[in-house]
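# A closer look at the structure
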Amino acid sequence: MRRILIVGNWKMNKTASEAATFVRALSERLHSVSTQIELVVAPPFTALQAVRTALEPSSPLQLGAQNMFWEDQGAYTGEVSAPMLVDLGCRYVILGHSERRTLFGEQSDGIQKKLRAALRHGLRPILCIGESLQQRESGMTDDVLTQQLNETLSGFTAEALSGITVAYEPIWAIGTGKSATAEQAVAAHHTIRRVLASTISPEQADSTRILYGGSVTPHNIESLLASNQVDGALIGGACLQVESFATIARVASIARSIGV
Ligand code: 13P
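Residues numbered from 1 in each chain as written. Predicted model: local features only at pLDDT ≥ 70, side-chain atom pairs only at ≥ 80, totals over all residues. Heavy atoms only, no water.

## Overview of the packing of helix H7 (residues 141-153) against helix H8 (residues 182-199)
The contact between H7 and H8 brings their axes to 10 Å, and the two run at 35 degrees. For the element pair H7 and H8, the recorded crossing hand is right-handed. From H7, Asp-142, Leu-145, Thr-146, Leu-149, Asn-150 and Leu-153 reach across to H8, where they touch Ala-188, Thr-191, Ile-192, Arg-194, Val-195, Leu-196 and Thr-199. Looking at the contact of H7 with H8 residue by residue, the classes come out as seven nonpolar, four polar and two charged. (Axes fitted to C-alpha atoms, helices over the stretch in contact; angles between N-to-C directions. Helix = DSSP H or I, 4+ residues; strand = E, 2+ residues; numbered from the N terminus. Left-handed = near helix turned anticlockwise from the far one by under 90°. Contact = heavy atoms within 4.5 Å. Nonpolar A, V, L, I, M, F, W, Y, C, P; charged D, E, K, R; others polar.)

## Here we look at the layout of surface pockets
The calculated volume of the largest pocket comes to roughly 410 Å³. Taken together, 13 residues line the largest pocket, and the ones lying closest to its centre are Lys-11, Met-12, Gln-66, Arg-100 and Phe-104. Broken down by element, the lining of the largest pocket gets its largest block of residues, four residues, from helix H4 (residues 98-104). Classifying every residue of the lining of the largest pocket gives six nonpolar, four polar and three charged. Of the volumes computed, that of the second largest pocket is approximately 250 Å³. Around the second largest pocket sit 18 residues that line it, and Arg-101, Gly-130, Gln-135, Val-144 and Gln-148 are the ones nearest its centre. Going through the elements one at a time, H4, strand S5 (124-129) and H7 are the ones with two or more residues in the lining of the second largest pocket. (1 Å grid on protein atoms, 1.4 Å probe; cavity = no way out; pocket = protein on both sides within 12 Å on 5 of 7 lines; lining within 4 Å. Points joined across faces, edges and corners; volume = space filled by probe spheres on them.)

None of this, on its own, says anything about what the molecule does.
What follows is the structure, encoded as structure tokens:
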């Protein structure tokens, strides 16, 4: 059984002091949320330490990072490595987000190196893939997802990839308020699972969590999680307010407990 995973990607939001205040308030609102689901916050690098310190040992929140570099150390000005993230208590790292791909020129070969480094250091990568509006409208969604997965995951053993999560984030749905419908998300998740089955193994495809991301809100989370193909969500805008993130977490924990 795949455990539901809800990840808040803060992007470039909140100073370290704002972050500490925020997670303290959020942790209090999460007391009643079932521990059967996993909850992750991914603040900017500059706030990781503050969030770590602010989290009580009893908080259900785990720590994630939004990116990393593939080398462990060296002359790479401005970069942050996997061992640095592990040392700060990070368990997850988001890789290949479309904003990294489009704004910072990230490509599959670099994302693959990051994936390798993350796995080597025991971080759990959340690999983001997704099509543009133009690609969707020209019927290329399945091809784009297949290519992104193949380019990034080729050459790994099934065992090495046992810690990964895939996030389906259609670019046209990110920050637009126009979420994919549950049907569109489920169809894409089926495609992703089919590709994982053929490139890695059927068992691995079955156990890998696939999240949906793109304009997830407290209002649409229930319908997105209604299919057991959707194992959670990667949330941008709606994770920045205590109330909306807490509501999403609560709805997600109920979805799991009634086994939908
Ligand atoms: P929004 O939820 O703001 O659309 O962002 C989604 C996202 O990019 C999460 O990684």
